[in-house]
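Close look at the chain arrangement
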Amino acid sequence: MARETWATRMGFILAAVGSAVGLGNIWRFPFITGQEGGGAFLLLYLLFVVLIGFPAILVEFVIGRYTELNPVGAIRELGSGAWNYLGWLFVVTGFVTLSYYSVVAGWFLRYTLIGVTDGYALAGPEEATALYGSVTTGLDSLLFHAVFMALVIGIIAAGVRRGIEVGVKVMVPAIIVVLVGLAAYAFTLDAAGAAYAYYLTPDFGYLAANWTSILPAAAGQAFFTLSLGMGVMITYASYLGEDRNLATDAGIIAALDTLIAVIVGFVVFPFLFAAGIEPGGPGPSAIFVSLTSAFTGIPGGRIIGIVFFAMVGIAALSSAISILEVLVSYLIDEFDVERVPASVAIGVAVFLLGVPVTIDLIFLGLYDNLAGGVLLVLGSLLLALFVGWVIPDVARNELEKGIGSLGGLGTAWIWIVRIPIVIVVLVSLYLGVVGYVDFLTGGFAEWLAAR
Ligand code: TRP
């Protein structure tokens, strides 16, 4: 059977942008930035996107376009021996990541509905935090997790790629427009000045004292937000029928994705400061608490809120699809399973894995720190080693198709992947593992003991 290819030339970019832009930008970025000290984190994150994220997108692109296979099959075709297990790492990462991603996406659906039934008029930050608490735990959270996973399964089972392409074309610009509007409103708040100072001024003393947590957090966030480290971009590039300029595509994807995250910061921090909330305090509730206060204060806030939460839900859908597609394409290509049963079986398993997160938020930390701090970083490290040291010639040739020899840029790219990226990512991984072990033996052990 001939493999499907993208319906339109733009289809690939749109799908890749659809994968990249999601909860990573709107939910994860602002709360990690807040936890890691603001400007110092922002600086490191931006450096990582440019110096590591962009070349790492190309790493996945060349593997996918060259082999035209799912990530597991692709690595097996190109590598041998222990490299074959890399595909398994992707599968595990995909399961963990999608399971809690879907729970958080469900919260956005719930907030959309709250706007429809009640609006966002809240007395203050305490009430906003209480609302967040009621949305995120218990039956409501479980129900909306189920609804979201059902949507993801439905889309992947039907294989409606065209629907995704159209959806992204409308949604991504719309999200940018609403975010810019909210950022402009946030600019009028008295607290905006202090918030900008926090967000935009890197405190180098703080960075020096805390780099062991900021560095792995920035690396993890860069990989998470660009959908790297588990073969999503391999899968999408495997559907590329023609030779095109992969570097331009990677640049567009990274730039749009980063732009959206950075604007979210211009919305979230002024509202947190205005509410007198320490930016490091709210954790995963940051976006919800700041947005509900924003929508409470603006004329037409209820409508804007409904539209915005729904749009983020759709952006999350186009990201979640990319994760399930990796798992499903693996089952289809490798075991000859039909698309529909494969989608349903894996989707249900992912749903079940996410259930603990709807019961207690400690599991959100357990899953998110594992995925963002360890698994995605490990996956990206191994991919960089693989392309840089195992298949450098194949990779360079593949990159140069559709670009030309680039005056040696292809060779420079291989060397960047081979040494600096490997070193920085290795250090991040080490620190990420240490941090995760700390969490397991600290916060998580205490939580267990209190049971
Ligand atoms: N990048 C997406 C976001 O920011 C999430 C995502 C999609 C992802 N596919 C991924 C994260 C693969 C890690 C790996 O919301």
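This write-up is about the structure you can find in this document. (Residues numbered from 1 in each chain as written. Predicted model: local features only at pLDDT ≥ 70, side-chain atom pairs only at ≥ 80, totals over all residues. Heavy atoms only, no water.)

**Examining the overall build of the protein**
In plain terms, the rule: The numbering of helices and of strands both runs from the N terminus, where a helix is a DSSP run of H or I of at least 4 residues and a strand a run of E of at least 2. Note on method: radius of gyration uses C-alpha positions; expected globular size equals 2.2 Å times residues raised to 0.38. Burial classes: relative accessible area under 20% of the type maximum marks a residue as buried, over 50% as exposed, and values in between as partly exposed (1.4 Å probe, protein chains only). When checking whether two residues touch, look at their non-hydrogen atoms; a contact exists if any pair is within 4.5 Å. Calculation of accessible area relied on Shrake-Rupley with a 1.4 Å probe; when residues are assessed, cover is drawn exclusively from the protein chains displayed. Charge convention: Lys and Arg are scored as positive, Asp and Glu as negative, and His as well as the terminal groups of each chain are ignored. Taken as the charge location is NZ of Lys, CZ of Arg, CG of Asp or CD of Glu.
A count of helices and strands for the protein gives 19 helices and zero strands. Taken against the 2.2 N^0.38 rule, which gives 22 Å for 451 residues, the C-alpha radius of gyration of the protein at 21 Å falls within 12% of a compact globule. Its C-alpha atoms give the protein principal-axis dimensions of about 60 × 50 × 45 Å. A buried classification covers 58% of the 451 residues belonging to the protein. Taking as baseline every contact in the protein between residues at least 6 positions apart, the subset at least 24 positions apart corresponds to 85%. Carbon and sulfur atoms form 69% of the exposed surface of the protein, whose accessible area is close to 16600 Å². On the protein, the mean spot of the 16 positive side-chain charges and the mean spot of the 29 negative ones are 8 Å from each other.

**Points about helix H13 (residues 286-297)**
This is how the line gets drawn: For a helix, the expected span equals 1.5 Å multiplied by the number of residues minus one.
Across its twelve residues, H13 extends 17 Å between first and last C-alpha, which sits within 8% of the 16 Å expected from 1.5 Å per residue. Counting buried residues in H13 gives nine out of twelve residues, a clear majority hidden from the surface. For H13, the set of buried residues is Ala286, Ile287, Phe288, Val289, Ser290, Leu291, Thr292, Ala294 and Phe295.

**Concerning the packing of aromatic side chains**
Stated formally: Pairing of aromatic side chains here covers Phe, Tyr and the six-membered ring of Trp, requires ring centres within 6.5 Å, and sorts the geometry by plane angle: under 30 degrees stacked, over 60 edge-to-face, intermediate tilted.
Counting across every chain of the model gives 35 aromatic pairs. Where Trp88 meets Tyr330, the ring centres are 5.8 Å apart and the plane angle is 80°; that geometry is what we call edge-to-face. Within this pair, whereas Trp88 is found in helix H5 (residues 86-117), its partner Tyr330 is found in helix H14 (residues 301-335), the two being separated by 242 residues in sequence. Tyr330 sits in the buried class, given a relative accessible area of 7%. Taken together, a centroid distance of 6.5 Å and an interplanar angle of 15° make the contact between Phe288 and Phe309 stacked.

**What about the site of the ligand?**
Note the following rule: Put simply, a residue is near a molecule or strand once any heavy atom of it comes within 4 Å of that molecule or strand. Counted as a polar contact is a pair of N or O atoms within 3.5 Å, where, for protein atoms, one must be capable of donating a hydrogen and the other of accepting one, and residues adjacent in sequence contribute only when both atoms are in side chains. A cavity here means a set of 1 Å grid points, computed over protein atoms only, where a 1.4 Å probe fits but cannot escape. A pocket is an open set with protein on both sides within 12 Å along at least 5 of 7 lines, and lining residues have an atom within 4 Å of a point. The rule for placing a molecule in a cavity or pocket is simple: more than half of its atoms must lie within 2 Å of the grid points. Lys, Arg, Asp and Glu make up the charged group, whereas Ala, Val, Leu, Ile, Met, Phe, Trp, Tyr, Cys and Pro make up the nonpolar group; the residues left over, Gly among them, are polar.
Taken together, 17 residues sit near the ligand, with Ala20, Gly24, Tyr101, Phe224 and Ser227 positioned nearest. Interatomic distance of 2.5 Å between a side-chain N/O atom of Tyr101 and an oxygen atom of the ligand. Ser227 has a polar side-chain atom sitting 2.9 Å from a nitrogen atom of the ligand. Burial of the ligand by the protein amounts to 100% of the accessible area it has alone, namely 360 Å². Using a 2 Å cut-off from the grid points, one finds that the ligand occupies the largest cavity. Counting residues per element, the ones that place at least two in the shell around the ligand are helix H1 (9-20), helix H2 (23-35), helix H10 (204-225) and H14. Here the shell around the ligand is built from residues that sort into nine nonpolar, eight polar and no charged.

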